[in-house]
Number of protein chains: 2
Amino acid sequence: MVDVAQLVTQAREGRPRAVARLISLVEGAAPQLREVMAALAPRCGNAYVVGLTGAPGVGKSTSTSALVSAYRRAGRRVAVLAVDPSSPFSGGALLGDRVRMSEHASDPGVYIRSMATRGHLGGLAWAAPQAIRVLDAAGFDVIIVETVGVGQSEVEIAAQADTSVVLLAPGMGDGIQAAKAGILEIGDAYVVNKADRDGADATVRELNHMLGLGEARAPGDWRPPIVKTVAARDQGVDEVIEALDKHRAWMEEHGVLAERRSKRAAREAETIALTTLRERIGELRGGRRLDALAERIVSGSLDPYAAADELIAGLTGVD
Amino acid sequence: MVDVAQLVTQAREGRPRAVARLISLVEGAAPQLREVMAALAPRCGNAYVVGLTGAPGVGKSTSTSALVSAYRRAGRRVAVLAVDPSSPFSGGALLGDRVRMSEHASDPGVYIRSMATRGHLGGLAWAAPQAIRVLDAAGFDVIIVETVGVGQSEVEIAAQADTSVVLLAPGMGDGIQAAKAGILEIGDAYVVNKADRDGADATVRELNHMLGLGEARAPGDWRPPIVKTVAARDQGVDEVIEALDKHRAWMEEHGVLAERRSKRAAREAETIALTTLRERIGELRGGRRLDALAERIVSGSLDPYAAADELIAGLTGVD
């Protein structure tokens, strides 16, 4: 048996193994899942969640590592959740983590974890918020959720952060790529990394133009800043943290932080409810109900909407 | 008021406007949606649905057009549903359609329709099967569902066809791209288009290797064929249709066609049921129930699982 209360206590003491164990429990929908989530709830709500997304090659890992160092200099405990759906590995520490961890290996104030659930549609949307709750309850001040800004589900995960940072690099046609993926809409701050390369200023100008940052805004509206960095040489990173702190302060002042967290919580509960209902539909009448309805649809005696009505009736006991 | 029965009759007579009207009705979740679906049901199940997917640039439109011509030569009525989630247009005929239609413009045995619901997550998974039912009921012998093989939802749509064709072209690194997107797993047949270009044979070899086509299979197992085409010059297209006909015959012989259609129907009913339940969750207590639960999650007095339980209880009347 797993002693959940003890694990939570150990996680709060900064023991990485306890954190890892808890994430594995919530990620894998273990029998103790509900117990873990109930134990975490009263301890959640203190961490500041930063979403960091960008196309491959813009320097996400390097930027994350530089941000971690900068936050540590400021005395804050930092956790990183690196979401990579293209990786065939699921859970646990990946090679890349170990390489990245080495820089912070002896620092109990840092925790880095990869999350990859390729093939499970909606798997990340389900598991990432739960892992964030573990890290939040474990007492990390900042949680950086790093995603590859390509798929819809990653964009969604990034959009669920308190503050979303979109990372770009010069000369990669990022503007168009990002616009396609819907990334540009979600940024609270933009970072043009590798700013020592040609084209950095052009990328900044393009961004300014695409985002309409030159246009007038209502007083009190947030104007997403664009910060230039060279993460590999630690340039501009403190400015990124400054921009994040400003955004957080602005959100608190305008009630936006509470609103975002409320939406995130609503979405979490909704996703869990719908996943549960989906499972129940699969289990109706020992799993044969859906098949029987499907046969009737195929034969033309029932349309899919009428079949859906019968499924819902079966769930709600009206049947 | 829309006369649904009349529209269905007109659609079966090959009137494209009636088909277009019906698709718009089912796509947009119009008030008549259920009436339309009920009217279509007894007339569905005759069309053969071919999924055609591939990365941008492999020649999907050209291949589709060539397939349409070949099917028409064989006297079959053909509909094309072109799913493009990157397009900002939703429904209706796109410019590309008109260009493509021009070749078949005067032919009442051909219908081409684009479907694009960018931004609606799950929108295509919802709308595409309904449009297929319209085309099926309208009496088309073959429905080609053309998707860009990039996103998860398009791969899913393609996988729901009776027969899935994966289109590749030489020298585009398609092998790796396709593997990433999970496309390679869904092919019942593979077409290497632009086969007059360098590298076509290498692409075929790579495919053979990746798919393990050289390995022994149990007698009766389907071995996906690889067909080389130059769609722009109509080369190899009849061989593609031959491969499709063979696959259909094999599926019928082994009960696979009935099984696939049953799964498709089950999935359709399940998706509709879950979408309905999602809407009901949003409407619980005038839309305030979810918000109230979210506040309790944010304050730490409730965990998301317990909140989900309350949502489900509210839906099923146990509350």
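Worth saying up front: this structure is predicted, and the values here are computed from it rather than measured.

S.K.: Explain helix α13 (residues 304-316) of chain B residue by residue, including any values.
M.R.: Each full turn of the α-helix corresponds to 3.6 residues, which orients residues three or four apart in the same direction. All names here are of chain B. Look at α13: 18 Å from first C-alpha to last across 13 residues, which is about the 18 Å you get at 1.5 Å a residue. Every buried residue of α13 is listed here: Pro304, Tyr305, Ala307, Ala308, Leu311, Ile312, Leu315 and Thr316. Considered in projection along α13, the buried side chains sweep an arc of 170° and stay on one side of the axis. Put simply, Asp303 is the residue that caps the front of α13, since its side-chain oxygen is 2.8 Å from the backbone nitrogen of Tyr305.

S.K.: So what's going on with the interface of chain A and chain B? Which residues, and what values?
M.R.: Each partner contributes residues to the interface: chain A has 49 residues there, and chain B has 49 residues. Counting the surface lost from both chain A and chain B, the interface buries some 4,400 Å², and carbon and sulfur atoms represent 66% of this. Across the chain A-chain B interface, the total number found is two salt bridges. The closest approach of N and O atoms between A:Asp309 and B:Arg34, which form a salt bridge, is 2.7 Å. Where chain A packs against chain B, one counts six residue pairs in polar contact (both at pLDDT 80 or more). Listed by contribution, the elements that provide at least two residues to the side of chain A that touches chain B are α3 (33-40), α6 (123-137), α7 (152-159), α8 (174-181), α11 (256-283), α12 (289-299) and α13 (304-316) of chain A. Take the side of chain A that touches chain B: its biggest share by element is 15 residues, from α11(A). Looking at side-chain class alone, the side of chain A that touches chain B contains 28 nonpolar, seven polar and 14 charged residues.

S.K.: Describe the side chain of A:Thr229, naming the residues involved and giving the relevant values.
M.R.: Relative to the elements of secondary structure, A:Thr229 occurs in the loop between β7 (226-228) and α10 (237-253). Apart from the residues lying within four places of it in its own chain, the contact partners of A:Thr229 are A:Val191, A:Val192, A:Asn193, A:Lys194, A:Ala195, A:Gln235, A:Gly236, A:Val237 and A:Val240.

S.K.: For the environment of B:Ala11, give the residues involved together with the corresponding values.
M.R.: Residues and elements named next belong to chain B. Following the sequence through the fold, Ala11 ends up in helix α1 (residues 4-12). Look at Ala11 and you get buried, because its relative accessible area is 1%. Considered as a pair, Ala11 and Gly139 are 128 residues apart in the sequence and their alpha carbons are 8.0 Å apart. Those residues within four positions of Ala11 in sequence are excluded, and the remaining contacts are Ala18, Val19, Leu22, Arg77 and Ala138.

Reading the values: rules and limits
- Residues numbered from 1 in each chain as written.
- Chains lettered and ligands numbered in written order.
- Predicted model: local features only at pLDDT ≥ 70, side-chain atom pairs only at ≥ 80, totals over all residues.
- Heavy atoms only, no water.
- Helix = DSSP H or I, 4+ residues; strand = E, 2+ residues; numbered from the N terminus.
- Expected span 1.5 Å × (residues − 1).
- Buried < 20%, exposed > 50% of the residue type's maximum accessible area, 1.4 Å probe, protein only.
- Arc of directions from axis to C-beta.
- Polar contact = N/O pair within 3.5 Å; in protein donor to acceptor, adjacent residues only side chain to side chain.
- Contact = heavy atoms within 4.5 Å.
- Buried area = accessible area lost by both parts, 1.4 Å probe.
- Salt bridge = Lys/Arg side-chain N within 4 Å of Asp/Glu carboxyl O.
- Nonpolar A, V, L, I, M, F, W, Y, C, P; charged D, E, K, R; others polar.

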